[in-house]
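Now for the letters of each chain:
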Amino acid sequence: AGARPLQFPIPANVYAETVVSVKHYTDRLFSFRITRPQSLRFRSGEFVMIGLPNAEKPVFRAYSIASPAWDDELEFFSIKVPDGPLTSQLQKIEIGDTVIMRQKSTGTLVVDALTPAKRLFMISTGTGIAPFASLLRDPDTYEKFEQVVLTHTCRDNAELTYGQELVAELENDPLIGELTGGRVTLYNSTTRESSERMGRITALIGSGKFYADLGIDKLDPETDRIMICGSMHMLRDVKELAESLGFEEGSLHHPASFVVERAFVG
Ligand code: A2P
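First things first, this report covers the structure right here in the doc. (Residues numbered from 1 in each chain as written. Predicted model: local features only at pLDDT ≥ 70, side-chain atom pairs only at ≥ 80, totals over all residues. Heavy atoms only, no water.)

**A few points about the layout of surface pockets**
The cut-off we apply is this: A 1.4 Å probe that fits into a set of points on a 1 Å grid over the protein atoms alone but cannot get out defines a cavity; an open set with protein on both sides within 12 Å along at least five of seven lines defines a pocket, and lining residues are those with an atom within 4 Å of a point. Grid points are joined across faces, edges and corners, and a volume is the space filled by probe spheres set on the points. Helix and strand definitions here come from DSSP, where helices need a minimum of 4 consecutive H or I residues and strands a minimum of 2 consecutive E residues; each element is numbered from the N-terminal end. For this classification, Asp, Glu, Lys and Arg are treated as charged, while Ala, Val, Leu, Ile, Met, Phe, Trp, Tyr, Cys and Pro are nonpolar and the rest, including Gly, are polar. For the domains described, the bounds stem from an automatic or database domain assignment.
Considered as a void within the structure, the largest pocket measures approximately 690 Å³ in volume. Taken together, 26 residues form the lining of the largest pocket, with Thr-125, Gly-126, Arg-155, Ser-231 and Met-234 sitting closest to its centre. With 4 residues, the single largest contributor to the lining of the largest pocket is helix α8 (residues 232-244). Among the residues forming the lining of the largest pocket, the class breakdown is 9 nonpolar, 10 polar and 7 charged. Both of domain 1 (14-102) and domain 2 (111-262) provide at least three residues apiece to the lining of the largest pocket.

Okay, here's the thing in structure tokens:
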């Protein structure tokens, strides 16, 4: 595929990187990988601001990096919003195109914001799975936690594919396959299309079906840590649930038992 010419010069102080692959999952979701700037350092789970060089003042949006900190490419998982200022254009990128990126990464979904524990629960909806795709491929996650449970709830089955492929590939990964063996559990549900398991994660945990399905003990701040990523409403409800179970929100300055971050929405 030929690179399309840039319409505008690259702004100062941003990285300009090349698209190396694009994968469309549904008419609402796609993932892509770009080259990684040599000087970029980030913690697995963090986000960066990305944009396209298609205007004098390009639109930047927060994107969680879905690849781990050791990877020599950067992966992102994105929604497509038909009239979204960035995603309406971003969804059209092809191999060889340029994506621009601000130079600083940040974010709260990092293992250092949690105190050590036995089990780590990653609760996600939609594109909120992206930071967990990074953390699940980082050896540090397995150094700190014995068991990892990833929940991913989407509207329909096709939207679950990205996470299912991610977890299936973990076992075959030459770098971390040995670490992850038998320690990662994927828990899927859909809310708008029938599937093997239906319902919002808040309802599934609330009713106890979540624990029964997995055959595990209830969430307990003594043994467990929780990371949450999804839409604003989802964050509010899952955070409320976590707090009702005695979990306390942490940060890098004050590590505790759960952390929260809003997924990119448009
Ligand atoms: P629902 O279909 O009942 O709205 P979206 O793609 O709109 O971000 O939604 C992703 C998933 O998150 C959907 O399955 C959606 O369920 C679910 N969801 C939306 N709001 C909440 C919430 N407040 N708590 C838990 N899950 C939610």
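**Regarding the sheet that holds strand β7 (residues 119-125)**
Stated formally: Here, any two strands with at least 2 DSSP bridges between them count as paired. In this analysis an axis means a line fitted to C-alpha atoms, helices contributing only their contacting stretch, and an angle means the value between N-to-C directions, from 0 to 180 degrees.
Strand order across the open sheet formed by 5 strands is β9-β8-β7-β10-β11, with parallel pairing between neighbours. A strand with exactly one partner marks an edge of an open sheet, and here the two such strands are β9 (184-190) and β11 (258-262). This sheet shows a mean twist of 10° between the axes of neighbouring strands, independent of strand direction. One ladder, built from 6 bridges, connects β7 with strand β10 (residues 224-230); its direction is parallel. Bridge pairing in β10 places Arg-119 opposite Asp-224.

**Examining the site of the ligand**
For clarity, the cut-off: Near, as used in this document, describes a residue that has one of its heavy atoms within 4 Å of the molecule or strand being considered. The definition of a polar contact used here is a pair of N or O atoms within 3.5 Å, where within protein one atom must be able to donate a hydrogen and the other to accept one, and adjacent residues in sequence count solely through side-chain atom pairs. For accessible areas, the Shrake-Rupley method is used with a probe of radius 1.4 Å. Any residue's cover is judged against the shown protein chains and nothing else. A cavity or pocket is said to hold a molecule if more than half of that molecule's atoms lie within 2 Å of its grid points.
By nearness alone, every residue bordering the ligand is listed as Arg-28, Thr-125, Thr-153, Cys-154, Arg-155, Thr-191, Arg-192, Arg-200, Thr-202, His-233, Met-234 and Asp-237. Contact distances for the ligand include 3.2 Å between a nitrogen atom and a backbone N or O atom of His-233. Here the ligand loses 84% of its free accessible area of 550 Å² to cover by the protein chains. When each cavity is represented as a set of grid points, the ligand is found to reside in the largest pocket. When contributions to the shell around the ligand are tallied by element, the ones reaching two or more residues are β8 (147-154) and α8. Sorting elements by how many residues they give to the shell around the ligand places α8 first, with 3 residues. Classifying every residue of the shell around the ligand gives 2 nonpolar, 5 polar and 5 charged.

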